[in-house]
Amino acid sequence: MKVFIRNSFVFFVELLSLLNKVIPKNKKIILFYTNPKYNDNVRALLQWCVENLSQQDLVLYSCVRIPTSELTKNVFFISRIRGLFIFLKAKYVFYDVGTTRIRPSEHQIVGQLWHGTPLKKIGRSVSPYRKKERLNAFSFVITTSKEFKQIFAEAFECSEEQVMIFEYPRNDYLLRPEYKVLKLYQNQKY
């Protein structure tokens, strides 16, 4: 039964990947696709977009429940199932855990923001026997250091050119004055 479900999932994703090639993309739609918890890099990037891009008539979709206090006129909560179909229309898609496995079209930018440096097995090293699953379902994946470029390329079966070195969006919040992290460390001797 598990094999049938897995094969059905792979077939469905391949069908969506084919549809994704022909459906026009809307440059005003940004999709944030993640696990049920509203946290990590997707949350940080979504908050940054709300704070900095609100003047641009963008429509931001989030596949996680957003606290009511953080809702704005251009942010919409949608289910993960509906998110799959918004994916087909969105010019920009970001996720940090897991993946939709839908292959990005050439007119789309899909960013895998990941969520940390690999201190454990990730990607293909976790499931080498599930070869039908595509792990390289993005335009780029980010890591924080050149030392991890090859590890990410192997884990996600992508080229090293697809592995980009950036800081994680969530870490930007450490520099905000209201968090006082810098002040805490400036008072230390090290």
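Residues numbered from 1 in each chain as written. Predicted model: local features only at pLDDT ≥ 70, side-chain atom pairs only at ≥ 80, totals over all residues. Heavy atoms only, no water.

With that settled, consider the sheet that holds strand β1 (residues 26-32). Strand order in the open sheet made by the seven strands is β3-β2-β1-β4-β5-β6-β7, with parallel pairing throughout. This sheet does not close on itself; its edge strands, each paired only once, are β3 (75-77) and β7 (163-165). Taking each pair of neighbouring strands and ignoring which way they run, the sheet shows an average axis angle of 25°. In this structure, strand β6 (residues 140-143) lies alongside β7, joined through three bridges in parallel fashion. If you follow Val 141 over to β7, its bridge partner there is Val 163. Against the sheet, helix α3 (residues 80-87) contacts β1, β2 (59-62), β4 (90-95) and β5 (109-112), and its axis sits at roughly 150° relative to β1. (Pairing = 2+ DSSP bridges. Helix = DSSP H or I, 4+ residues; strand = E, 2+ residues; numbered from the N terminus. Axes fitted to C-alpha atoms, helices over the stretch in contact; angles between N-to-C directions. Contact = heavy atoms within 4.5 Å.)

All right, on to the nonpolar core then. In terms of nonpolar packing, the biggest core is built from 44 residues, with Leu 31, Phe 32, Leu 60, Val 141, Phe 152 and Phe 156 touching the most fellow members. Secondary-structure elements contributing two or more residues to this core are β1, α2 (40-52), β2, α3, β4, β6 and α4 (149-155). (Core = buried A, V, L, I, M, F, W, Y, C linked by side-chain atoms within 4.5 Å. Buried < 20%, exposed > 50% of the residue type's maximum accessible area, 1.4 Å probe, protein only.)

Where empty space is left becomes clear once a probe the size of a water molecule has been rolled over the atoms. The space that makes up the largest pocket amounts to roughly 350 Å³. In this structure, the largest pocket is lined by 20 residues; those nearest its centre are Leu 45, Trp 48, Cys 49, Leu 53 and Phe 94. When residues of the lining of the largest pocket are traced back to their parent elements, those giving at least two are β1, α2, β4 and β6. Among the elements that make up the lining of the largest pocket, the one with the highest residue count is α2 (four residues). When the residues that make up the lining of the largest pocket are grouped by side-chain class, the tally is 15 nonpolar, one polar and four charged. (1 Å grid on protein atoms, 1.4 Å probe; cavity = no way out; pocket = protein on both sides within 12 Å on 5 of 7 lines; lining within 4 Å. Points joined across faces, edges and corners; volume = space filled by probe spheres on them. Nonpolar A, V, L, I, M, F, W, Y, C, P; charged D, E, K, R; others polar.)

Here we take up the pairing of β1. Taken together, the four bridges between β1 and β4 define a ladder with parallel strand orientation. For Leu 31, the partnering residue across the bridge sits in β4 and is Val 93. Direction of pairing for β1 relative to β2: parallel, over a ladder of four bridges. Bridge assignment links Phe 32 to a residue of β2, and that residue is Ser 62.

This paragraph deals with the environment of Glu 160. Secondary-structure assignment places Glu 160 in the loop between α4 and β7. Taking relative accessible area as the criterion, Glu 160 reaches 38% and is therefore assigned partly exposed. Along the chain, Glu 160 and Phe 140 lie 20 residues apart, while their C-alpha atoms are 9.5 Å from each other. When sequence neighbours within four positions are dropped, the list of residues in contact with Glu 160 reads Lys 149, Gln 150 and Ala 153.

By the definition in use, this model includes six aromatic pairs. Seen in terms of ring centroids, Trp 114 and Phe 152 are 6.4 Å apart; in terms of plane orientation they differ by 85°. Their pairing is edge-to-face. Taken together, the positions of Trp 114 in the loop between β5 and β6 and Phe 152 in helix α4 put the pair 38 residues apart, joining distant regions of the chain. Per residue, the accessibility class of Trp 114 equals that of Phe 152, and both read buried. With 5.0 Å between their ring centres and 75° between their planes, Trp 114 and Phe 156 make a pair best called edge-to-face. Placement of Trp 114 in the loop between β5 and β6 and of Phe 156 in the loop between α4 and β7 is noted, with a sequence separation of 42 residues between them. We note that Trp 114, like Phe 156, is buried. Three or more aromatic residues joined by ring pairs form one cluster here, namely Trp 114, Phe 138, Phe 152 and Phe 156. (Phe/Tyr/Trp six-rings, centres within 6.5 Å; stacked < 30°, edge-to-face > 60°.)

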